[in-house]
Each structure stands twice: as structure tokens, then as C-alpha cells.
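Each chain is listed here by its residues.
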There are 2 protein chains.
Amino acid sequence: MLPYNIHHVAIAVEDLDAALEGFADQYGFEVLSRETVEEQKVEEAMIAVGGSHIQLLQPTDPMSPVGRFLSRNGEGMHHIAFAVADIEAALEHLKERDVVLVDESPRIGGGGHRIAFVHPKALAGTLFELVEVVHDG
Amino acid sequence: MLPYNIHHVAIAVEDLDAALEGFADQYGFEVLSRETVEEQKVEEAMIAVGGSHIQLLQPTDPMSPVGRFLSRNGEGMHHIAFAVADIEAALEHLKERDVVLVDESPRIGGGGHRIAFVHPKALAGTLFELVEVVHDG
């Protein structure tokens, strides 16, 4: 498997409105989409930058994974998401190499895309996400 | 100013060779370039992913900024670099807004590009870098 793009880089923030204002004022970025993803207990916003995105995550529950990340670390970079053509094949490739996964099979994330997280102990202390983009219609 | 791309996402690692092997084995990524940047006391490697890059940073000195980051946090995401067409104009735009900068004027980074860092307290707890790409020749 070879991811074909960095789909997004996610940043955990305390206040999504304030962060979006800051990105607009400092960099001229406008918000592309915004939604609450109940399963992950986050409100998320996407900003398009070239062919990739910055994703901002504000927890809706302080005990959620992103809420606990904020309590521990404060605001900052949370994960990197790679776009893959076939998420089942990508997960199979990682399982064959005994890579530690957070999600053994895909689930539905923001935008309706199929996603799975790879544990940060697998590589470079970094939480990676695989995204198989699902197009509307 | 509007950055036109995510130029790279940087990850601090203890062992660049081991990290590159991991990225090759787990994701099929090959190294695009590798160099030591004396001024920043890092050995850095770039991996192309779609129209962007993952940059891996291994400190050559434990007291350098990346060395101290590793001592404090362990391996993990270090900064996000935005590609801008005109780095002087971008810095001027940020100064007009009283954004706290690490570099008041551009310096030369890896690949010979012109770079400047923005302080993480300016926005979303994240260290951002501006990159004006300098083409060979």
C-alpha cells in the first residue's frame, strides 16, 4: 500500500470558533466544512490548504480521547491522516507486519469517509489515521 | 497571504534510519532527500506523500531545539510548514497582527528554501513554519 496523499493534519483545540478566527486572520484560511462526529465526541472543522487539509478538533466531552489529550498536553497537533485507495487492503498490509492498530476494521468518520487509526507506538510516536475517501452520491 | 500548500509535516525521531525503515515497511514510502542542517542541528529526511511531504528530524545535538523537544515529549509531531509565495509579505502580514514570531526575518533551511517559524503560542498550540520554496538553478 502506498498512501496517495496527506488527507489532513489534525490539531486539538479548546475553542473551535476562536481557532477558526485565528486561522482566518493570520493565514487567510476559510472553513470548508464543520460537523459534530458523535462517535468520537468531537466537533470538527476542515480547512483546505492546497491539496490537503488542516482539521481542527474540539472535544464535546472532556473524557473523550481528544478531551483527555487536551487535558494532558494542551492545544496542539493530534494526528496525521493518510489517504488510501483501499482501507481494507491497507489494514491487512499493516496486520501482516504486526503493526499495533487502534481500529482493526474501518469505521465511519467525519465527512462519511471510512477511517481507521494506527497506534502511535507503531511508528515515530505519531498517531496516524488511514482515510478511504467516500464521495457523495 | 494565503499559504498555497502544506509543504511538510515534521516529526521528531530518535533514530532516522529506523524511522525511515518503518515508513518504508509500513507505508511503502521511500526517502526523497536527506541532509544535515547544521544551523538547526538536525539530520532531516523528506518523504513525498501526494503533493506534500513528511519530514523526519533527528537532532545531532541533545541540547538543540529538536533534541530538547525529544527529551521533553519523546518522538512525535513537531511542526506544520505552510508553503507561501512571498515569505517577506507573509511575515509582514503576521507582524501587522502582532503574531509572536520565532524568526523576525527569513533564514535558509533544508533544501535551500527560505523559512521562518511562528511561535506556537500564536495559534492552536502549534509550531508553524513558513516556507518559500527556492528552486534549483
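Before reading on, note that the structure itself is shown above.
Treat the numbers as computed from the prediction; the structure is a model and nothing was measured. (Residues numbered from 1 in each chain as written. Chains lettered and ligands numbered in written order. Predicted model: local features only at pLDDT ≥ 70, side-chain atom pairs only at ≥ 80, totals over all residues. Heavy atoms only, no water.)

## Describing the overall build of chain A
In terms of helices and strands, chain A carries three helices and eight strands. The order of α-helices and β-strands along chain A, N terminus first, is β-α-β-β-β-α-β-α-β-β-β. Taking 2.2 N^0.38 as the reference for a compact globule, 137 residues should give roughly 14 Å; the C-alpha atoms of chain A span a radius of gyration of 15 Å, in line with that estimate. In terms of overall dimensions, chain A has C-alpha extents of about 45 × 35 × 25 Å along its principal axes. Here chain A, with 137 residues, has 53% of them falling under the buried criterion. Taken as a whole, chain A presents about 6,200 Å² of accessible surface, with 49% of it coming from carbon and sulfur. (Helix = DSSP H or I, 4+ residues; strand = E, 2+ residues; numbered from the N terminus. Rg over C-alpha atoms; globule rule 2.2 N^0.38 Å. Buried < 20%, exposed > 50% of the residue type's maximum accessible area, 1.4 Å probe, protein only. Areas by Shrake-Rupley, 256 points an atom, 1.4 Å probe, with all protein chains shown as cover.)

## Looking at the side chain of Thr126 of chain A
One can find Thr126 of chain A in the loop between strand S7 (114-118) and strand S8 (128-132). Classification of Thr126 of chain A as buried rests on a relative accessible area of 0%. A distance of 2.8 Å separates a polar atom in the side chain of Thr126 of chain A from the backbone oxygen of Ala124 of chain A. Not counting the four nearest positions on each side in its chain, Thr126 of chain A is found in contact with Ile80, His119 and Pro120 of chain A together with Ile11, Gly76 and Met77 of chain B. (Polar contact = N/O pair within 3.5 Å; in protein donor to acceptor, adjacent residues only side chain to side chain. Contact = heavy atoms within 4.5 Å.)

## Overview of a negative patch on the surface
Residues Glu14, Asp15, Glu21 and Glu75 of chain B make up a contiguous surface patch of negative charge. Position of Glu14 of chain B among the secondary structure elements: in the loop between strand S1 (5-12) and helix H1 (16-27). (Patch = residues over 30% accessible without salt bridge, like charges linked within 9 Å, V, L, I, M, F, W, Y side chains within 5 Å. Salt bridge = Lys/Arg side-chain N within 4 Å of Asp/Glu carboxyl O. Lys, Arg positive; Asp, Glu negative; His and termini not counted. Charge placed at Lys NZ, Arg CZ, Asp CG, Glu CD.)

## Overview of the interface of chain B and chain A
Tallying the contact residues gives 42 residues for chain B and 42 residues for chain A. Both faces considered, chain B and chain A share a buried interface measuring about 3,300 Å² in area, 70% of it formed by carbon and sulfur atoms. Among the residues chain B hides against chain A, the three largest losses belong to Gln26, Tyr27 and Met77 of chain B. Together they make up 24% of the total. Put simply, chain B and chain A have two salt bridges between them. Asp25 of chain B serves as the salt-bridge partner of Arg97 of chain A, at 3.1 Å between the closest nitrogen and oxygen. Those elements that provide at least two residues to the side of chain B that touches chain A are S1, H1, strand S4 (52-59), strand S5 (76-83), helix H3 (87-96) and strand S8 (128-132) of chain B. For the side of chain B that touches chain A, the residue count by class is 25 nonpolar, 14 polar and three charged. (Buried area = accessible area lost by both parts, 1.4 Å probe. Nonpolar A, V, L, I, M, F, W, Y, C, P; charged D, E, K, R; others polar.)

## Section: the nonpolar core
Counting 63 residues, the largest nonpolar core has Phe23 and Ile54 of chain A together with Phe23 and Ile54 of chain B as the members making the most contacts within it. Setting aside residues up to four positions removed in sequence, Ile54 of chain B forms contacts with Ile6, Ile80 and Phe82 of chain A together with Val9, Ile11, Phe23, Ala45, Met46, Ile47 and Val49 of chain B. (Core = buried A, V, L, I, M, F, W, Y, C linked by side-chain atoms within 4.5 Å.)

## Looking at the sheet that holds strand S4 (residues 52-59) of chain A
All names here are of chain A. Strand order in the open sheet formed by eight strands is S2-S3-S4-S1-S5-S8-S7-S6, and the pairing between neighbours is mixed. Every other strand in the sheet has two partners, leaving strand S2 (31-37) and strand S6 (107-108) as the edge strands with one partner each. Note: S6 against S7, two bridges, orientation antiparallel. Within S7, the position partnered with Arg107 by the bridge is Ile115. (Pairing = 2+ DSSP bridges.)

## Section: the relation of the copies chain B and chain A
The relation between the two chain copies is a rotation about an axis coupled with a shift along that axis. In the superposition of chain B on chain A (RMSD 0.0 Å, axial shift 0.0 Å), the rotation amounts to 180 degrees. Within this description, the copies of the chain are treated as partners about a two-fold rotation axis. (Least-squares fit on C-alpha atoms with pLDDT ≥ 70 in both.)

## Some points on the pairing of strand S3 (residues 42-49) of chain A
Within a regular beta strand, the side chains point alternately toward one face of the sheet and then the other, so they alternate between its two faces. All names here are of chain A. Within S3, six of the eight residues are buried, which leaves the element mostly enclosed by the surrounding structure. Pairing analysis gives six bridges linking S2 to S3, with the strands arranged antiparallel. Across the sheet, Glu35 pairs through a bridge with Glu44, a residue of S3. Both S3 and S4 contribute to a ladder of eight bridges, which runs antiparallel.

## As for the pattern of salt bridges
Side-chain pairs of opposite charge can arise where the charged atoms are in close proximity. In the structure shown here, the tally under the stated rule is 19 salt bridges over all chains. Between Asp17 of chain A and Arg34 of chain A there is a salt bridge; the shortest N-O distance is 3.0 Å. Linking Asp17 of chain A in helix H1 (residues 16-27) with Arg34 of chain A in strand S2, this pair joins segments that are 17 residues apart in sequence. Assessed through its relative accessible area of 44%, Asp17 of chain A is described here as partly exposed. Here Arg34 of chain A falls in the partly exposed class, since its relative accessible area comes to 39%. Note that Asp103 of chain B and Arg107 of chain B form a salt bridge whose closest N and O atoms lie 2.9 Å from each other.

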